[in-house]
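Below are the chains, spelled out letter by letter.
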Amino acid sequence: MRALTWHGPRDVRVETVPDPAVQEPTDAVIRVTSSGLCGSDLHLYEVMAPFMHEGDILGHEPMGVVEEVGEEVTGLRPGDRVVVPFQIACGRCFMCEQGLQTQCETTQVRDRGMGARIFGYTSLYGSVPGAQAEFLRVPHADYGPVRVPDGPPDDRFLYLSDVLSTAWQAVRYAAVPPGGSLAVLGLGPIGDMCCRVARHLGVEQVFGVDPVPARLARAEQHGVEVFRFDDDTVAAIRDRTDGRGPDAVIDAVGMEAHGAPAVRTAQRLAALLPRAAGARLMGTVGMDRLTALYTAIDLVRRGGTVSLSGVYGGAADPLPMLTLFDKQIQVRMGQANVRRWADEILPLLTDDDPLGVDSFATHRLPLDEAPRAYAAFQRKSDGMVKTLFRP
Ligand SMILES: NC(=O)c1ccc[n+]([C@@H]2O[C@H](COP(=O)([O-])OP(=O)(O)OC[C@H]3O[C@@H](n4cnc5c(N)ncnc54)[C@H](O)[C@@H]3O)[C@@H](O)[C@H]2O)c1
Ligand SMILES: [Zn+2]
Ligand SMILES: [Zn+2]
């Protein structure tokens, strides 16, 4: 089959690789009909290089049609149309039963001290072959894949794999009180969808922040008051909230925030070092560009909540503990527990399309164009916000 493979920092290629097969009785293999390109893939594209291996297949936002199932998979049949959550979970352990599928005790990557395995997401998450490919092996297929009706285009359902669940969890964790306000930092696919979900769930005052004008314009069409990220952003939003700051702030930016040039250099260096040395550096030096997190802590009102969706990867990042403590801030974070939210989200994926998923993608491309798409998405050029590959 054809698949998008990793070869080094900013070097991804579409190659012919062996087809996946059912290996365990609980596996399924799906033929991928659409596969998303995510901000999380950008971290792997360059900064997370110390945790990547030559030939790793990327991608974790698939939907498609079941080709084959193992003998213990009773809930799926060949021909079923499914969306596959980005994490692999068993559905039966202590963690899964509490809706913490990202912590699944059956699939945890214990030798790295990490949570549930994730498709196409580094050795930290099990080096599982990813979904930007023609076919995908899906472990624990009785639990993960969500069956969806035939008929509407893939765009209707694909975002259940990640974007919708991530935004939903970010807004739930933000816990904005009735009549309250929310600021969303970063208006990539995740931040944009956080704004839409927040508006849909009744948050009246939503502020969106990003350095990219086209992304601000896009969010503005969905009832969001937008601010171009600069030194005055915090003061400007405080002004709109009686000087207090919003009740909650979502960080939908993560480790590659604009505005930390020294750490940017260190990240680039770590990516180019031999794997072991790079990984050691990531574990011992403040390795995340923390601009967005610092902004969130500064901006949120006293006693408010910071909800972190953006992914961070450093093990020694400096945090302003005095401010966090003095302002009495709640912080919630983590990878999204996809199946936990799916039943709430699925009823919204109708012709009425309250979240605008049908027109959410800015680019729909054949898989062969993936290397070009990664480069454009990293540069935020070509008006690219969300790309779906059609393998
Ligand atoms: N928690 C989860 O389960 C989960 C799931 C998917 C994605 N993510 C993470 O969410 C983050 C966003 O993903 P995305 O797909 O939207 O990617 P993205 O890279 O397109 O979005 C990041 C946005 O932040 C903006 N930005 C950069 N610096 C900023 C700053 N200082 N202030 C405000 N905005 C700034 C960028 O211009 C960009 O629009 C990534 O870190 C990604 O890894 C987490
Ligand atoms: Zn993703
Ligand atoms: Zn489990």
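Below you will find a few notes about this structure. Keep in mind it's a predicted model, so treat the numbers as computed, not measured.

1. Structural notes on the side chain of Ser40
Consideration 1: Structurally, the position occupied by Ser40 is in helix 1 (residues 39-45).
Consideration 2: Classification of Ser40 as buried rests on a relative accessible area of 14%.
Consideration 3: Once residues lying within four places of it in the same chain are set aside, the contact partners of Ser40 are His60, Tyr121 and Val311.

2. A closer look at the packing of aromatic side chains
Consideration 1: With the rule as written, the count across this model stands at four aromatic pairs.
Consideration 2: For the ring pair Tyr121 and Tyr125, a centre distance of 5.7 Å and an interplane angle of 50 degrees mean the geometry is tilted.
Consideration 3: Judged by relative accessible area, Tyr121 falls into the buried class, the value being 5%.
Consideration 4: Of the residues examined, Tyr125 reaches a relative accessible area of 14% and is grouped as buried.
Consideration 5: Its end group placed over the ring of Tyr143, Arg339 keeps NZ or CZ at 4.8 Å from the ring centre.

3. Some remarks on the coordination of the zinc ion (ligand 2)
Consideration 1: The protein atoms that coordinate the zinc ion (ligand 2) are Cys38 (SG), His60 (NE2), Glu61 (OE) and Asp162 (OD), at distances spanning 1.9 to 2.3 Å.
Consideration 2: Around the zinc ion (ligand 2) sit four donor atoms; with metal-centred angles ranging over 95 to 131 degrees, the donor geometry is tetrahedral.
Consideration 3: On the primary sequence, the residues serving as donors to the zinc ion (ligand 2) are separated as C-x21-H-E-x100-D. Placement of the pair is Cys38 in the loop between strand 3 (28-37) and helix 1 and His60 in the loop between helix 1 and strand 4 (62-69), with a sequence separation of 22 residues.

4. A short note on the site of ligand 1
Consideration 1: Ser40, His43, Asp210, Arg215 and Ala336 are the nearest of the 31 residues found near ligand 1.
Consideration 2: A distance of 2.7 Å is found between an oxygen atom of ligand 1 and a side-chain nitrogen or oxygen belonging to Ser40.
Consideration 3: Between ligand 1 and the protein, one listed contact pairs a nitrogen atom with a backbone N or O atom of Gly186 at 3.5 Å.
Consideration 4: For ligand 1, whose unbound accessible area comes to 870 Å², protein coverage reaches 97%.
Consideration 5: Looking at the shell around ligand 1, the elements that each hand over two or more residues are helix 1, helix 5 (189-200) and strand 9 (205-210).
Consideration 6: Looking at the shell around ligand 1, the element that brings in the most residues is helix 1, giving three residues.
Consideration 7: Of the residues that constitute the shell around ligand 1, the class distribution is 15 nonpolar, twelve polar and four charged.
Consideration 8: Residue-level mapping places the shell around ligand 1 at the junction of two domains, with at least three residues from each of domain 1 (2-162 + 337-390) and domain 2 (164-333).

Analysis parameters
Residues numbered from 1 in each chain as written. Chains lettered and ligands numbered in written order. Predicted model: local features only at pLDDT ≥ 70, side-chain atom pairs only at ≥ 80, totals over all residues. Heavy atoms only, no water. Helix = DSSP H or I, 4+ residues; strand = E, 2+ residues; numbered from the N terminus. Buried < 20%, exposed > 50% of the residue type's maximum accessible area, 1.4 Å probe, protein only. Contact = heavy atoms within 4.5 Å. Phe/Tyr/Trp six-rings, centres within 6.5 Å; stacked < 30°, edge-to-face > 60°. Lys NZ or Arg CZ within 6 Å of the ring centre and 35° of its normal. Donors = N, O, S within 2.8 Å, 3.2 Å for Na, K, Ca; no water. Tetrahedral: all angles 85-135°; square planar, octahedral: opposite > 155°, others 65-115°. Near = heavy atom within 4 Å. Polar contact = N/O pair within 3.5 Å; in protein donor to acceptor, adjacent residues only side chain to side chain. Areas by Shrake-Rupley, 256 points an atom, 1.4 Å probe, with all protein chains shown as cover. Nonpolar A, V, L, I, M, F, W, Y, C, P; charged D, E, K, R; others polar. Domains from an automatic or database assignment.

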